[in-house]
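So the chains spell out like this:
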Amino acid sequence: SIPLLVDCDTGIDDAIALTYLSTHADAEIAGIVSTGGNVEVEIVHRNNLVLAKLLGIAAPIARGADRPLVQEPMYADDTHGPGGLGHAVPPAQTGAGDPRSGAQLWVDLVRERPGELVGLVLGPHTNLALALEIEPELPRLLKRLHVMGGAINHRGNTGPTSEWNIAVDPEAAQQVITAFTGAAQRPVMGSLEATEAVRFTQGTLDRIVALAARTGHPVATILGDALRFYFEFHEADGFGWMAHVHDPLVAAHAVTGDFASTRPLAVDVELAGTLTRGQTVGDELGRWGREPNLDVLTEVRAAEFVEHLLATLEAGLAR
Ligand code: BDR
Ligand code: CA
């Protein structure tokens, strides 16, 4: 199975991704780093610890940095609820997790398993940027990096042109992209044009609510209550009764290589723009004369993916 280090800001769709990974036979969660983003790092860390306990994830869970590299923190409790898991009321946290910093966990795990570990960033890139300061060889030690982030030929979901995970810490994202340029395998980026193809409907929500009723699994209950909030947010934001569920697609593609194609593209992060800071700019026509540095997800098979996700959760949470 594939050992993964998951760096996430749990977060409703992060929680679904973690549950998916913990129940997929081909995935091994080797470590979790909690990063501030959707909610404060302390709350993200609590959510990760609680979910890991309920899912039987034994991997180290380290608390990451509590603020972005340069700019002030921002949070999305309108999107994910003040506790990060919508209407869900998770049980109390037990234990404090791994004593190492998030950056140190990245470095230690990649050194322990050189050439094997797959990195999966589902939140802002702060901890990975800090890890690169400790271990500049990290891009050569990691098997491959997969990130959810960016909006290339697509509007943003945070600023008009910027996507949340990049907008929270644009410097970190830019440093990561730069450090991985020339890596043996180009990092895979699932940006909004790919992840917004995944639309949960009432039918999807019904399957998760039914799973909770049938199994009594506390994580199924948490995901159902979390998703209801996510639907309410999307409806209030003008999208109708549905939810864009971003992180699980990137997780599933990292594990299976399935459900989307990739295309190579030279991408960079705008740091200076007064209107466009945090935008991921893709050089479609090769004007920069640079080699492609990312493999961008495209041609998402969304219906197939949602069925795979639900079937994996249904099998994994049955008891
Ligand atoms: C990303 O932002 C977060 O709110 C989600 O968890 C996802 O990682 C989508 O822009
Ligand atoms: Ca996330």
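Conventions we followed
Residues numbered from 1 in each chain as written. Chains lettered and ligands numbered in written order. Predicted model: local features only at pLDDT ≥ 70, side-chain atom pairs only at ≥ 80, totals over all residues. Heavy atoms only, no water. 1 Å grid on protein atoms, 1.4 Å probe; cavity = no way out; pocket = protein on both sides within 12 Å on 5 of 7 lines; lining within 4 Å. Points joined across faces, edges and corners; volume = space filled by probe spheres on them. Nonpolar A, V, L, I, M, F, W, Y, C, P; charged D, E, K, R; others polar. Near = heavy atom within 4 Å. Polar contact = N/O pair within 3.5 Å; in protein donor to acceptor, adjacent residues only side chain to side chain. Areas by Shrake-Rupley, 256 points an atom, 1.4 Å probe, with all protein chains shown as cover. Pairing = 2+ DSSP bridges. Helix = DSSP H or I, 4+ residues; strand = E, 2+ residues; numbered from the N terminus. Axes fitted to C-alpha atoms, helices over the stretch in contact; angles between N-to-C directions. Donors = N, O, S within 2.8 Å, 3.2 Å for Na, K, Ca; no water. Buried < 20%, exposed > 50% of the residue type's maximum accessible area, 1.4 Å probe, protein only.

**Here's the deal with empty space enclosed by the protein**
- Within this structure, the stated rule accounts for 2 cavities of 30 Å³ or more.
- Here the largest cavity is characterised by a volume of approximately 80 Å³.
- Taken together, 13 residues line the largest cavity, and the ones lying closest to its centre are G36, G37, R67, P68 and V168.
- Looking at the lining of the largest cavity residue by residue, the class counts come to 7 nonpolar, 4 polar and 2 charged.
- Here the second largest cavity is characterised by a volume of approximately 50 Å³.

**Quick word on the site of ligand 1**
- Around ligand 1 lies a shell formed by D13, D14, N38, H80, L122, M148, N157, E163, W164, N165, H246 and D247.
- Residue N38 places a side-chain N or O atom 2.6 Å away from an oxygen atom belonging to ligand 1.
- N157 is positioned with one of its side-chain polar atoms (N or O) 2.8 Å from an oxygen atom of ligand 1.
- Burial of ligand 1 by the protein chains amounts to 97% of its free accessible area of 280 Å².

**Describing the sheet that holds strand β6 (residues 144-148)**
- Read from one edge to the other, the open sheet built from 9 strands follows the order β4-β3-β2-β1-β5-β6-β7-β13-β10, with strand pairing classed as mixed. Each edge of the sheet is formed by a strand with only one pairing partner; in this case those strands are β4 (98-101) and β10 (261-265). The average angle at which neighbouring strand axes cross in this sheet is 25 degrees, direction not considered.
- By the bridge criterion, 4 bridges tie strand β5 (residues 118-121) to β6 in an arrangement that is parallel. Residue V118 lies in a different strand from β6, and its bridge partner there is R144.

**So, the coordination of the calcium ion (ligand 2)**
- D9 (OD), D14 (OD), D14 (OD), L122 (O) and D247 (OD) make up the full set of protein donors to the calcium ion (ligand 2), lying at 2.3 to 2.6 Å.
- Donor residues for the calcium ion (ligand 2) sit on one chain with the sequence pattern D-x4-D-x107-L-x124-D. By the burial criterion, D9 is buried, and D14 matches it.

By themselves these figures say nothing about function.
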